[in-house]
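# Structure assessment
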Amino acid sequence: MPLVLPDIDWLTLAPLLVLLSTASLAALYALYNRSSKAVALLALLGLAVAAIFNLQLFVASRAGELRSSFGLRYLADQGALAFNFVILLGAALAILISYDYLKRAELEQPEYYPLMLLSASGAMVMAAAGDLIILLLGLEIMSLAVYVLSAWRQQARESAEAGMKYFLLGAFASAFLIYGIALIYGATGFFSYPQIVAGLLAEGFEQIFLATLGGIMILAGLGFKVALVPFHQWAPDVYTGAPTPVTAFMSVVVKTAAFAALLRIFAFIYPELGVLAVQSLVVLIALTLIVGNFTALVQRGIKRMLAYSAVAHAGYLALAVLAAGNLGMRAAIWYLTAYTLMNAGAFAVLTLLSDRNDHGDDLERFAGLARSRPYLAAAMTVFLLSLAGIPLLAGFVGKILVFSAAIEAGYVSLTVIAIITSVVAMVYYLRPVMYMYFREPEYEPLQTNSRSTHIAIGIAVFGTVLLGIFPGWWYSLLDLGQSLLAGL
Amino acid sequence: MLTLNHFLALGAILFAIGLYGLLSRRNLVAILMSVEILLNAILVNVVAIARFNDQAQGDVFALFIIAIAAAEVAVGLALFLNVFRLNGVATVDPLRRMKE
Amino acid sequence: MISLLIFLPLLGAALMPLFREPKAGKWLALLISALTTLLSLGLWLGYDLTQGGFQYLQELPWIPSLGINYIVALDGLSLPFVFLTALLTLVSVLAEWQRDDKGFFGMFLMMQGALIAVFVALDLILFFIAFELVLMPMFFIIGIWGYDQRRYAALKFLLYSLIGSVFLLLAILATAFIASGGGMISFDYRLLLTQLPAIAAAKGVLLLISSGFLVAFLIKLPAFPVHTWLPHAHTQAPTAGSILLAGVLLKMGGYGIIRFNLALFPEAMLSLQPFLATLAVIGILYGGYVAMGQTDLKKLVAYSSVNHMGFVLLGIASLTAFGVGGAVYQMVAHGIITGLMFMLVGMMSQRTHTRTIAAMKGMYSAMPVLGGLMWLAMLGGAGIPGMAGFIGEFQALLGAFQNPATAVFAVLSVFGILINGGLMLWTIQRVLQGEPSVQMQENYDLYDLKGLELAAAAPLVALAVLWGLWPPSLSPYIDRAVQPVLELVTNVTKVAGF
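Note that the coordinates shown come from a computational prediction; the quantities given were computed from them, not determined experimentally.

What counts, and where the lines are drawn
- Residues numbered from 1 in each chain as written.
- Chains lettered and ligands numbered in written order.
- Predicted model: local features only at pLDDT ≥ 70, side-chain atom pairs only at ≥ 80, totals over all residues.
- Helix = DSSP H or I, 4+ residues; strand = E, 2+ residues; numbered from the N terminus.
- Rg over C-alpha atoms; globule rule 2.2 N^0.38 Å.
- Buried ≥ 20, exposed ≤ 12 C-beta atoms within 10 Å, placed from the backbone.
- Contact = placed C-beta atoms within 7 Å.
- Pairing = 2+ DSSP bridges.
- Core = buried A, V, L, I, M, F, W, Y, C linked by C-beta atoms within 7 Å.
- Nonpolar A, V, L, I, M, F, W, Y, C, P; charged D, E, K, R; others polar.
- Expected span 1.5 Å × (residues − 1).
- pLDDT = per-residue confidence, 0-100.
- Axes fitted to C-alpha atoms, helices over the stretch in contact; angles between N-to-C directions.
- Parallel < 35°, antiparallel > 145°, perpendicular 65-115°, else oblique.
- Left-handed = near helix turned anticlockwise from the far one by under 90°.

Further remarks concern the overall build of chain A. Scanning chain A for helices and strands turns up 19 helices and two strands. Against the 2.2 N^0.38 benchmark of 23 Å for 488 residues, chain A shows a C-alpha radius of gyration of 21 Å, consistent with a compact globule. Projecting the C-alpha coordinates of chain A onto the three principal axes gives extents of approximately 70 × 55 × 45 Å.

The structure is reproduced here in structure tokens:
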């Protein structure tokens, strides 16, 4: 077999390489200088530079330039690039939230930021993957860093155990994913998406059972990462146990990356597999919507409620995955953008309200917040209402987009379930709002302030409102046009 | 004569053993070992498929799996040590407490 | 011009937090609501009746790739409601002048903008957004500034409405998808009207979709089984909240049924006719009956609203031009008269520190002006000739008699008029006549209406009498808009061979 050098388009790799080198640089720098301020700034700078490269690629791809590396295995089409923006935004918000928080909680170790960058770069690899091995690599790069981050509060049992639990179940899910990849490889003999599809469509193909089984296993593996019921059990414990900024990071960046990967393989590979593969996702979505929303309803702690709400939102997003044509892809990217802003924003507010050990997120703590901390209460209201899907906020438009994509794809009854459960969701999102505005304070509120967190909250509020009132511009930018894999 | 299906069956059996271990063991180290068995089960599959298809791709994937397994164990043991230091025991029982 | 009506109040609400001085809020609210009232009056006078149809049209792209656009216009159906919204907001601001709370007035401005948007939106998604947006300020108004059980009332109000909205959203999406026929999707109301055959062709789901719209609107109206949120919301809301709730919020339901159910699903309306008429009669009789048993004056007025809204539903269910026109007339009249009634009840309970009917006695002799206006409002509520309520009720009933299918229901609802009339007279007797109790006279300062309060009541009284004595100032506009909608219905009837 002759040795073929891979074709590498360095620009497509630039955002990724920037993040990786910033992470390494920051980790090295942290060896000599324990100032976490410098490292945090370096990390933000790295994210900004990566975003600039990403923007350049995005502009080029809108002009019709289709770029990729390694023979269509690392894609820089508009879908991947839009996801990169969302990932970079989520990581930047998480870092802004983290900075003062870590100081307050006495968890200040500069290695935190390189880990976050590494995790974000893994997420970008997942979004760009056009090959199952690359997908797996991205997933592992992303996950290993997050396992460590969620156990960052070394002295606290909850955090250590959250990390351990996340790791064990994550390794379990990875095993399923790898097994699924192996089965698809066994059936078709290939790893890259175009070749797999070609293999599945080839005449005389007999291994459809093996391939479908592989598809279901991959779905289970990725379903774990996005917390689809019944693979969601880790989510509440890990979300509550991990330090709040890490929870914010997990809930937005990890979810975005896993959905990016899921969307791509669902758009290209799953239609060619047996119906069972798609049907199993339908069942998972129905379960997720019902279990996620109803369990969130009975939670008293806000952080735990937000964890279950994250499960429920995974259900709405998976609805877009089902309709994974152009419309579904656009809807999902839009939804994830909105979700990143409002969810990260909600967790940011939470860091200012709970004490240094992340305790005190009970509903009662929210009572009368509108009087004691009016701006914080207003921001939290914006995020919660947006998560609930109230009009003129970003979450509403996301829901409309997802629902119309799903109806167009013919999943009407599933959409009905989604819309009805979203009423249930209103109740648990509005409950904290009612506590904040309709009750008298029961506790002396913490007067924690932090400039960087305030910046993050400001960005999130601004984005949530702007996207809600003028959704058109971002949505029209997501007109994915020609995808690299579409012409197969 | 050994066929591909024999290897796939062996892989499936090993995977089942790993799964059983993961779900039934209480000791964290044993659980970590079960994860390893899971990954090795897949490894058997992949190598066999690569051999029977006469492709290098599968072998490369096998190498990736080994590397990933190593990285996972490294992180896993670190997390395990942390839990062990705090709880003084090496079982999953304290983890259950979080479920409330 | 119309956009100014929507965005001026919204802008005012957005500016509210910038003011340091708490008093500035009410002045800003007064200024903006006075401006919008004048503006809407100007638009009304400028409306070309001979031409009819949608005027002052404004179209802007919003999310063009999804067929969602900003389209607003006025026709004879929306004109009275837009004016009513603007006027009642102005009146509410005057009625709550003693409050120095920016947030309170900010919420009112936000609600005003959203309400006007509901009545002028010609894009179904825009309509839905406005429809939902109305809920939020009302939720906060009841929840923050309401009485003791405000949290429960606010949540109940919101949940009922949201459940309705869910079906509305589903129905809107489904309608647009069916009408698009696989082509470019659009939520433009005028475009959907041209696609009626395509919508009607979807026989299997037609009834389901139109029920989706109907459920949302019946909850808002409110019709009989889903009315239970109303008494709580009314009793717990502050006075101005009740004025807008009864005066305008309920009207979104009737407006929606005429605008969307009648126009887009005439066939489904025809098959639902007996069902709607039944609900209407139950509402009329039940509302009047339950109102009799109330001890709380505000709750009594709230239940009498259920009775009045029953006539609206009956008029619509008659599917005659006369009946539907009467329904709209009744909605406008109810907005004015019940708005006035809630305002007066609020002022009265502010002085007497109670809302219990038994404790209020001889209010007329203690406060002649307030009591006199209350007399007038109660008589208007009873539907005596010469007041606006009479015209609407009478016309709706007549319409119901015209159609043989609803004549029986019309006969039954005549009893409702009797119950309601008796209720109002009995209430007058209990609250207004006689002498106030000694304890009341000693403990509380029963001062009569002051200048500002009088100014708030005056326009409502004037309109209630004007539209009672001179219907041509209102009904031609309504008829002009209702006629084309009912032609759609009669077309269907002819085809079906009735």
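So, next bit.
This part covers the overall build of chain C. Within chain C, the secondary structure is distributed over 23 helices and two strands. Dimensions of chain C along its principal axes, counting C-alpha atoms only, are 75 × 55 × 45 Å. Split into buried and exposed, the 498 residues of chain C put 60% on the buried side. Considering only contacts within chain C whose residues lie at least 6 apart along the sequence, 79% involve residues at least 24 apart.

Within a regular beta strand, the side chains point alternately toward one face of the sheet and then the other, so they alternate between its two faces. By the bridge criterion, six bridges tie strand 1 (residues 55–63) of chain C to strand 2 (residues 68–74) of chain C in an arrangement that is antiparallel. Directly across from C:I63, in strand 2 of chain C, lies its bridge partner C:I68.

This part is about the interface of chain C and chain A. Across the boundary between the two partners, chain C contributes 23 residues, which contact 21 residues of chain A. Where the side of chain C that touches chain A is concerned, the elements lending two or more residues are strand 1, helix 5 (124–133), helix 6 (135–145) and helix 7 (150–180) of chain C. Ranked by the residues each element gives to the side of chain C that touches chain A, the list is headed by helix 7 of chain C, at 11 residues.

What follows concerns the nonpolar core. Judged by nonpolar contacts, the single largest core of 448 residues is most densely connected at A:M116, A:M126, A:Y335 and B:I42. Every residue in contact with B:I42, bar those within four places of it in the chain, is listed here: A:A175, A:I178, A:Y179, A:A182, B:G11, B:F15 and B:I65.

So, on to the interface of chain A and chain B. The partner chain B presents 34 residues to the 30 residues of chain A that form the contact. At the level of elements, helix 5 (132–150), helix 6 (157–188) and helix 9 (234–241) of chain A are the ones that each hand at least two residues to the side of chain A that touches chain B. Taken together, the residues that form the side of chain A that touches chain B break down as 19 nonpolar, five polar and six charged.

All names here are of chain C. In this structure, W229 sits in helix 11 (residues 229–236). Spatially, the C-alpha atoms of W229 and L155 are 9.3 Å apart, while their sequence positions differ by 74 residues. Sequence-distant contacts of W229, defined by excluding residues within four places in its chain, comprise K156, F157, Y160 and P222.

Attention now goes to the environment of A:A14. Relative to the helices and strands, A:A14 is located in helix 1 (residues 10–32). Along the primary structure A:A14 and A:I52 are separated by 38 residues, whereas in three dimensions their C-alpha atoms are 9.8 Å apart.

With that settled, the discussion passes to helix 19 (residues 388–402) of chain C. Residue and element names in this part refer to chain C. Helix length check: helix 19, at 15 residues, gives a terminal C-alpha distance of 22 Å against a target of 21 Å (1.5 Å per residue), a fit within 8%. Restricting attention to buried positions, one finds in helix 19 the residues A388, G389, F390, I391, G392, E393, Q395, A396, L397, G399 and A400. Summarising the contacts, the buried residues of helix 19 are in contact with helix 15 (297–317), helix 16 (321–352), helix 18 (368–382), helix 20 (407–432) and helix 22 (451–469).

Turning to the environment of C:M367, a few remarks are in order. All names here are of chain C. Looking at the element boundaries, M367 is found in the loop between helix 17 (363–366) and helix 18. Through-space distance from the C-alpha of M367 to that of Y255 is 37 Å; in sequence the pair is 112 residues apart. With near-sequence residues (within four places) excluded, M367 lies in contact with L446 and D448.

What follows deals with the confidence of the model for chain C. All names here are of chain C. The predicted model of chain C averages 88 in pLDDT, with 99% of residues at 70 or higher. Highest mean pLDDT in chain C belongs to helix 5 (93); lowest belongs to helix 21 (residues 438–443) (79). Across the predicted assembly, pTM comes out at 0.92 and ipTM at 0.93.

This brings us to helix 5 of chain A. The first and last C-alpha atoms of helix 5 of chain A sit 26 Å apart over 19 residues, in line with the 27 Å expected at 1.5 Å per residue. Within helix 5 of chain A, 17 of the 19 residues are buried, which leaves the element mostly enclosed by the surrounding structure.

Quick look at unusual backbone geometry now. Cis geometry marks the peptide bond from A:V229 to A:P230; its omega dihedral reads 5 degrees. Across the junction of C:L221 and C:P222, the peptide omega takes the value -10 degrees, indicating a cis bond. Mapped onto the elements of the fold, C:P222 is located in the loop between helix 10 (203–220) and helix 11. The phi dihedral of A:L392 is positive, around 70 degrees, even though this residue is not glycine. Structurally, the position occupied by A:L392 is in the loop between helix 15 (374–388) and helix 16 (394–408). Of the residues examined, A:L392 has 20 C-beta atoms within 10 Å and is grouped as buried.

All names here are of chain C. Close contact between helix 1 (residues 2–15) and helix 2 (residues 24–46) brings their axes to 10 Å; oriented N to C, the two are set at 180 degrees. It follows from the interaxial angle that helix 1 and helix 2 lie roughly antiparallel. Side by side, helix 1 and helix 2 meet where L4, L5, L8, P9, G12 and L15 of the first sit next to L28, A29, I32, L35, T36, L39 and S40 of the second. For the contact of helix 1 with helix 2, a count of residues per class yields 10 nonpolar, three polar and no charged.

Residues and elements named next belong to chain A. Between helix 6 and helix 9, whose axes approach to 8 Å, the crossing angle comes to 145 degrees. Remark: the crossing between helix 6 and helix 9 carries left-handed chirality. Listed contacts from helix 9 to E158, S159, E161, A162, K165, Y166 and L169 of helix 6 are W234, D237, V238 and G241. Considered class by class, the residues forming the contact of helix 6 with helix 9 number five nonpolar, two polar and four charged.

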